[in-house]
Structure formats: C-alpha cells, structure tokens
Amino acid sequence: MDPDAGDPHTYTLIDNAGGRFTLSGNQLAVANGTLLDFETTASHGIILQTTDSEGNTFDKPFTISVTDVNEETPNNAPTDIALSNSVIDENRANGTAIGTLTTADPDAGDIHSYSLVDNAGGRFAIAGNQLTVANGALLDFETANTYNIVVRTTDAAGQTFNKTLAVTVNNVNEVPTDLAVSNLIVAENSANGSLIGTITPTDPDTTDTHTYTLLDNAGGRFAISKNQLTVANGSLLDYETATIHNITLRTTDAGGNNFDKAFTVTVSNVNETIPNNAPTDISVSNITLAENSSNGTILGDLATVDPDAADTHSYSLVDNAGGRFAISGSQITLADGTLLDYETGNSHPITVRTTDAGGLTFDKTFTLSVTNLNEMPTDMGVSNTVVNENSSNGTAIANLTTTDPDTADTYTYSLVDNAGGRFGISGNQLTVANGTLLDYETGTSHPIILRSTDAGGLSIDKNFVITLNNVNDPPVLVRNSPLSVTQGGIVGITNSLLQVTDQDNTPGQLTYTLVNAPANGQLRLESTPLFVNDTFTQADIDSTPMRYTHGLIQLSNNSNDDYNPQISGSSVVWSGSEGTDNEVYFYDGTSTTQLTNNSTDDYNPQISGSNVVWFGFDGTDNEIYFSDGTSTIQLTNNSTDDYSNQISGSNVVWYGFDGTDNEIYFYNGTSTIQLTNNSTDDSNPQISGSNVVWQSFDGTDNEIYFYDGNSTIQLTNNSTDDYNPQISGSNVVWQNYDGIDVDIYFHDGNNATTAQVTNNNSTENFNPQISGSNVVWYHYDGTDEEIYFYDGNNATTTQLTNNSITDWYPQISGSNVVWYGFDGTDNEIYFYDGTSTTQLTNNSTDDSNPQISGSNVVWYGSDGTDNEIYFSPMAGTSMSDSLMFTVSDGIGGVLGATTFNVNVI
C-alpha cells in the first residue's frame with residue numbers, strides 16, 4: 001500500500017528462508033521445494049522489501065505455512081464435472097432422469113459420489129450418478145426456461161470439486177383448461193347464422209391459437225363460425241317444444257390438444273301469434289370509462305326502443321372495438337382493460353345489436369370515451385454520472401428526467417439510497433450532500449437508487465452508479481498535539497506532534513509557510529531561525545531537524561554584524577551591516593523589516609512603540625530620520641552634524657552642532673524647536689513624554705538641565721561634573737564626580753527634591769538607569785563591579801549581585817532589571833524580576849548591550865562568526881506560546897492557516 005496512488009514498485013526478498021523461496025516479478029514462488037518438509041518445519045519466516053519509484057522502501061516480515069501431504073500415496077482432487085444432457089421438458093414427472101454425471105480426476109480409477117450444493121429451489125435431485133427431476137411442477141417454461149445448479153463431486157479420499165451447470169427447460173404445448181361462451185340464450189325461430197355468443201378458451205400457453213368444433217350440436221340446431229356459437233337451424237328452436245338444449249364444445253390448440261365442455265343453451269319465447277316489430281333504437285346509460293379499468297367493469301346499461309312494448313331483448317356486439325368491450329346481459333362491460341390507453345386513443349366506436357324475442361334486430365354505433373388516469377412513470381434518466389472528488393456540498397451533478405405515459409405530468413425526486421449520505425436532491429438535480437465522503441482514493445464509484453414520484457403519488461425507482469474524477473487532494477492535518485517544553489528549553493517538533501499528509505504528494509512536497517512566528521520562543525530548522533513567510537517541509541519534521549527554543553528568539557541570522565538593539569514592548573530596532581554600510585532594521589514582534597536601504601551609514605536607532613528615530617550620513621553630515629512604522633521623514637536637513645537622538649512616543653530629542661557648539665533640539669511630532677542656544681556644549685539628551693533632560697558645560701563643569709515641555713530649569717549648580725542623566729516621567733537620575741569618586745543622585749519631579757542615592761568613599765558608581773522611581777547602576781566594590789537597585793518610594797538600596805566576576809551596564813523597566821556579566825569565559829545576560837535572578841544565556845561567546853521593556857529583553861551576541869540580535873520575550877516567566885502556518889502541496893492544494901500550540905511547564 002502506498003499513499004501515492006499509481007506509484008510503481010519493485011520487490012526484494014531480504015530473507016528467503018534459507019533459499020526456500022524466490023521472487024518472480026511481483027509473485028512469491030518456491031525456489032527449492034525439497035527444503036519444504038512439513039515433518040521437519042511447519043512454517044518459515046521471510047522478509048519482503050518494496051521499493052517505489054523514488055527509492056523509498058518498506059520492509060515487512062511474513063510467515064509461510066507448509067501443509068502436510070500424504071507422501072506415500074498422494075490423492076489429487078477432482079478437476080471437472082460433465083453432464084451428458086442438460087435439457088428437460090417442462091412439467092416432467094418427478095424422478096425423470098435428465099443426464100449422467102461424470103468426473104475428471106487425475107487419479108485414474110478413483111470413485112466419486114455426487115450431491116447438489118444448489119438444487120434450484122427444490123427442482124432437481126441426484127440419484128447415484130444421475131441428475132433427476134425433484135419437483136416437475138416447478139419446471140414451467142413460461143416462468144423460466146433456464147436454471148443454474150451447483151453439483152459437487154467427492155472422490156474416495158473426500159476431496160471435492162464444485163461446478164455450476166445450467167439446465168434448460170423446453171416448452172411443451174399444454175392442454176387447454178377451460179372454455180367460456182359469452183351468451184347462451186337464443187330466441188326461438190332465430191334466423192340461421194344468428195350470433196349467440198363468443199367462445200374464449202383458457203390455456204397455460206397464453207399465445208396459443210385455437211379452433212372450435214361441436215361434438216354435440218343438439219340435433220343440428222347450432223354451429224360454429226370461427227370463435228362464435230351460431231344458429232344452424234332456427235326452425236328447430238321452438239320454445240314450446242323445448243326451452244333448453246345441451247351442446248358439447250371442443251377447443252383444439254395448435255399442438256392438437258383438446259378440451260371438451262358441455263353447455264346448456266336456453267331458448268327464449270317469442271310471441272308467435274302477434275306480429276312482431278323490429279326494435280327502432282338503442283340507448284346506453286353511460287359512454288365514459290377510465291383508462292386501465294379492470295376487466296369486467298360495467299360501462300353502462302343498455303335499453304331498447306321497440307314498438308312492441310312488452311317485447312324482450314338481448315344484446316350483442318357487432319363491433320367490440322378490437323376486443324376492448326363485451327356484453328353481459330343488458331350491460332356493456334370492459335373485455336380487455338390493457339387496450340384502454342388514453343395516450344393512444346381517447347375514444348372507441350362500438351356497434352351494439354339488440355335482438356327482440358322474435359329475433360328482429362337493430363344495430364347502433366356508440367362512441368365510448370376514455371378518460372385519462374394518472375399512470376406510473378416507466379423510466380428515469382440522469383444527464384451526467386461523473387463528479388469530482390471532494391466537490392463542495394451543494395454542487396450540481398446531473399439533471400433528472402422521467403419517462404411517463406402521462407406526458408404533461410410533474411415529478412418530485414428523492415434518494416432511496418444516497419450512498420451513505422454522499423448525495424442529495426435539489427429540485428430536479430442530483431447534488432453533492434457531503435463532499436468530504438467523495439474520496440477517489442477510497443472509492444472510485446458509488447451506487448445510488450433514485451426515486452421519481454409523479455403528481456398522483458405513483459413512483460419508479462432506478463439504480464445508477466456515480467463515478468468520481470480524481471482531483472488533487474489538499475493536505476490534511478492528521479496530528480496537531482501541543483508541544484511541551486520547560487522554561488528556556490529546546491525541544492524537537494516531530495511528526496508524532498505535527499503531521500500533515502496528502503494522498504497525492506510526498507512529505508518533501510508538503511511545504512509549511514509560517515503565518516505567525518512564536519511570540520515567546522523561536523522555531524529553528526537545524527541552526528537557522530525561522531521568521532514569518534519562511535518555509536519548511538513535512539520531511540523536515542519527519543527527520544526531526546525542527547526545534548523550538550523557549551524564551552529566546554534570534555532576530556537576525558546573517559554573515560554581517562548586527563548590534564545596538566533597542567526595545568519597546570515586543571518591538572525591536574537595531575543597526576546591522578549589510579556588507580557596505582550600516583542599515584536600520586525593525587522587528588514588530590512577528591517579522592523583520594529593513595527601514596533603510598542606502599549607500600551611507602545609519603546609526604543609533606531608538607524606538608518607542610512603532611516609532612523609530614536614527615541618524616544617518618547624507619553624504620555631507622549626519623541628519624535625524626523618523627519612521628512612524630509606515631513612512632519615513634527627515635527631521636533635519638542642514639550642513640552640520642545631528643546625532644545622539646532619543647524618542648518617546650512621537651517626540652524626539654537630539655543635539656546638533658550650530659557652527660559654534662552643540663545645542664539641544666526637540667521635535668513634538670509636528671515641528672522642531674531649539675531648547676538651548678548658548679556658547680557651550682549641550683549633550684546627552686534623554687526624553688520621557690515631553691520631558692527632556694541633558695547635561696551642559698557651564699564654563700567650569702557639566703550641570704544637569706530639565707525641560708518640562710514649557711520651560712527649562714537647572715537641576716544642579718556646583719563645581720563638580722554632573723553627567724549621564726536619565727529620565728522617567730519627571731524623575732531624573734545622574735552621576736556626579738564629587739572630587740573623590742562618582743556617586744548617583746536622584747531628582748523626584750513630584751516634590752522637586754534631589755537625593756544622593758550613593759555615598760561611599762573612593763569607589764565608583766556608574767551608568768545609572770531609571771524607571772519610575774526605581775534606579776539601577778553598577779558599582780565597584782573593591783574587587784569587581786556589582787549591580788545595585790534603589791527603590792525611590794522608600795529610599796532603600798538592594799545589592800542584586802555579589803560575586804567575583806564583573807557585572808555591568810544594567811537596564812531597568814519597572815522593577816525588572818537586565819545586565820551582562822563576565823562568567824570567567826565570556827559575557828552572559830542576567831535578568832532580575834524584582835524577586836530573583838535568572839541567567840538568560842549560557843554559551844561560549846560574548847552577549848552584550850542588553851535592553852529591557854517590561855519583561856522583554858533584547859541583546860546582541862556573537863554566534864562564533866559575527867554579532868546577531870537575540871530576543872527573550874518572557875525573561876524566565878512561564879507562559880504558553882504558539883505559531884501559525886499554512887501548508888501547500890505545490891500544485892494547488894492548500895491547508896489553511898492552522899495554529900500549533902506550545903505548553904511551557
């Protein structure tokens with residue numbers, strides 16, 4: 001069995017049971033029969049291998065059983081049965097021999113007995129070696145002229161052979177069984193030749209022909225004319241002498257078989273003394289009859305107009321409309337209802353004769369009308385019997401038509417057998433009811449039974465077979481079980497968790513496309529990270545190079561350096577070398593976009609939401625550029641350098657050289673204003689909302705300045721350097737050299753107070769960062785740098801690290817802190833969630849410059865060749881993840897967007 005229908009295969013015996021078996025094409029054969037000895041071993045194991053056209057193989061073991069053979073005197077089973085005669089006349093007597101049975105047997109001289117496995121419903125029997133009649137009454141040529149029987153021959157050793165034989169029944173002319181005369185009353189003194197009645201026989205041979213004779217003609221009174229009893233000598237018909245006369249009629253069929261029957265003819269009295277007048281008219285009470293009425297139905301009563309008021313009359317048909325009508329007493333009746341067909345003829349003329357008691361007659365023609373009745377449909381047709389597999393529900397397959405004697409009739413259609421719910425009816429159309437059941441690979445055709453019901457409720461059923469066209473089947477998702485992974489773990493995605501199959505394509509042809517990448521981890525093919533629109537195949541999953549890494553996403557993977565990542569929420573921006581110059585790249589939490597593509601360097605990208613700002617060299621100097629996620633604008637265009645850009649929302653701050661010194665500039669999302677205009681350098685601007693902080697040289701040392709969106713205030717005024725300011729809302733932190741060492745200062749913008757966070761002697765505190773009222777920095781403790789955390793709400797400081805390795809450059813978001821530290825070999829990334837610390841990386845290459853937003857962390861690290869950007873979306877917090885994909889078979893079949901879930905445990 002192969003999912004690829006129609007794929008050719010070759011076969012190989014991997015284990016031939018010690019040379020006992022061999023292959024011939026696709027057949028297993030005996031290689032050395034001398035090794036097949038039941039008494040030694042009753043079974044032997046083999047292993048078969050099948051190879052398809054692509055070289056794919058499948059192995060399967062089988063057990064071959066050896067049957068025991070009488071090796072002293074082998075007995076062979078009979079091979080055929082013959083019957084010397086297979087023809088018998090119908091109605092033959094029970095026990096009549098039909099033919100002699102003989103057996104063909106390789107064992108000459110073997111003896112055989114015979115039995116009937118199928119005796120054709122009790123019609124035949126076996127007597128010794130002869131086939132005989134068991135019930136001759138069932139051998140009726142008119143019912144069936146051929147019967148199949150199954151004969152079994154059994155040899156002396158009990159071995160059997162069955163054969164189906166056909167017995168033919170000859171037709172035999174059978175004796176008529178009855179006679180009838182339509183009328184047996186005649187008026188006395190009737191004229192010679194007068195019709196008395198019509199003779200009809202009853203005969204098992206319905207198509208037989210008959211002649212009639214009078215064995216007893218009542219002394220010459222009666223005669224036969226074809227099939228009519230007539231008056232031979234009316235002078236002998238005298239009511240006063242005898243009122244009845246006995247006759248004997250004989251009918252003889254075409255085979256010479258006779259049937260005799262006695263009848264009594266009654267003579268009616270005629271008034272012989274008074275002159276008799278002939279009848280003058282005939283009337284009938286009704287001349288309308290429905291088609292297909294049953295034989296004997298009364299059409300109407302006859303009445304005669306006769307001058308002789310007391311006269312009596314008898315009636316006969318001179319013209320019975322081709323045998324359609326008859327006379328019964330004084331009534332017109334239906335003789336043969338099968339001849340009354342409204343569609344063939346809706347009226348029929350008949351001629352009625354009335355005969356009075358004196359034998360005088362009057363003939364009159366009537367036109368009898370046939371009314372239409374609803375007749376059963378006789379056939380059905382469908383315009384088409386072919387439909388594509390997997391057709392959508394409601395697809396029209398064929399128009400239905402009905403053949404009916406009632407040409408103007410209307411019809412409704414239904415399915416007596418809908419092939420297991422596959423098909424339906426809509427009006428006069430056969431439609432698809434459940435296309436998912438129309439699978440060419442499972443079944444190429446399906447029988448149905450259609451019913452057509454006419455307006456009168458009469459119906460006809462007919463069998464049809466609907467054939468399926470083979471079409472390309474779309475990929476089918478057969479497994480989609482959640483992947484379980486520990487925090488920070490790496491787990492392979494196998495086909496026991498995720499599998500798509502396709503009846504028409506191999507796993508290597510089934511291509512997955514990532515619609516949504518994992519949010520809290522990364523999917524990798526071998527060592528290559530996969531992003532939105534990247535692809536992999538089912539064969540990749542089957543061979544298990546697919547990996548999911550929890551808590552770590554590699555955002556870049558190239559042969560050039562990527563560095564200086566910045567983060568806002570789950571969006572990341574960074575600089576990357578494209579081999580010629582630096583460009584800016586943006587990751588929106590799902591996919592990466594290259595924001596710049598030019599021949600000059602773009603540096604220092606900063607991000608807030610989906611807004612990004614950077615400075616780029618325009619060929620003359622550095623300018624500031626802004627992207628809102630949709631389009632990019634150039635914020636500056638002058639002949640001097642602008643750089644050190646920072647962003648908050650759509651507000652941007654930077655410093656630019658005005659020809660004399662550096663000044664601070666502020667863009668509010670619409671226009672740019674110059675915050676400083678002096679003769680000393682202003683630098684290192686930072687922004688939070690519309691609040692800006694920077695450092696400025698006052699001619700003696702650097703001081704800290706704060707702009708609240710309206711005006712500027714000087715936060716420090718001393719004789720030592722204040723620098724590296726950072727801002728969060730209206731809170732500001734900076735570092736100050738007090739003449740001995742560097743300490744950290746915190747300005748609370750809510751109450752306009754400044755506090756000295758550190759005050760230690762001869763040890764340095766560096767790189768203060770702020771989030772709300774929380775501050776983090778690194779401090780040399782005499783041996784190495786450690787990380788410290790200050791809670792501005794209660795003015796308490798916590799030492800986050802205490803080890804013998806260097807920890808530095810912390811970043812903060814809320815109470816979450818990230819930094820990198822030297823582990824004795826290289827730099828690793830560490831994360832503090834307000835309670836405990838987690839080591840996010842542990843490898844043999846440097847990881848640097850971590851940035852944080854909420855609990856999301858980004859950094860760059862060497863992959864052994866160059867620097868790449870890495871993103872940790874949960875920073876040690878357990879959570880679930882998912883990815884979304886589509887699957888294409890490459891020839892039009894597609895599995896729609898599907899989610900694969902990841903459970904973090």
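It should be noted that the structure appears before, not after, this text.
What comes next is a walk through the structure. (Residues numbered from 1 in each chain as written. Predicted model: local features only at pLDDT ≥ 70, side-chain atom pairs only at ≥ 80, totals over all residues. Heavy atoms only, no water.)

Judged by how many residues are buried, strand E50 (residues 582-587) sits mostly within the fold: 6 of 6 residues are covered. As paired strands, strand E49 (residues 571-577) and E50 are joined by 6 bridges and run antiparallel to one another. Looking at the pairing, Val-572 lines up with Tyr-587 of E50. Counting the residues that bridge the hairpin from E49 to E50 gives 4 residues, and of these Gly-579 lies at a positive phi of roughly 105°. Sheet topology places E50 next to strand E51 (residues 592-594); 3 bridges connect them, and they run antiparallel. Residue pairing in the sheet places Phe-586 in a bridge with Thr-593 of E51. Taken together, E50 and the strand that follows it, E51, pair antiparallel across an intervening segment of 4 residues, in which Gly-589 is found at a positive phi of about 100°. (Buried < 20%, exposed > 50% of the residue type's maximum accessible area, 1.4 Å probe, protein only. Helix = DSSP H or I, 4+ residues; strand = E, 2+ residues; numbered from the N terminus. Pairing = 2+ DSSP bridges.)

Here the focus is the sheet that holds strand E53 (residues 611-617). Taking strand neighbours across the sheet as the criterion, the 4 strands line up as E52-E53-E54-E55 in an open arrangement whose pairing is antiparallel. Strands with a single pairing partner mark the edges of an open sheet, and in this sheet they are strand E52 (602-608) and strand E55 (632-634). The average angle at which neighbouring strand axes cross in this sheet is 20°, direction not considered. Pairing of E53 with strand E54 (residues 622-627) involves 6 bridges; the strand directions are antiparallel. Looking at E54, one finds that Val-612 is bridged to Ser-627. (Axes fitted to C-alpha atoms, helices over the stretch in contact; angles between N-to-C directions.)

Turning our eyes to something else, we now look at the packing of aromatic side chains. Tallying each qualifying case throughout the model produces 24 aromatic pairs. Between Tyr-809 and Tyr-820, the ring centres sit 6.0 Å apart and the planes meet at 15°, which makes this aromatic pair stacked. A residue pair is termed long-range when its members are at least 10 positions apart, and Tyr-809 in strand E72 (residues 807-813) and Tyr-820 in strand E73 (residues 816-822) qualify at 11 residues. Taking the relative accessible area as the measure of exposure, Tyr-820 reaches 12% and is therefore buried. Centroid distance Trp-859 to Tyr-870: 6.3 Å. Interplanar angle 20°. Geometry classified as stacked. (Phe/Tyr/Trp six-rings, centres within 6.5 Å; stacked < 30°, edge-to-face > 60°.)

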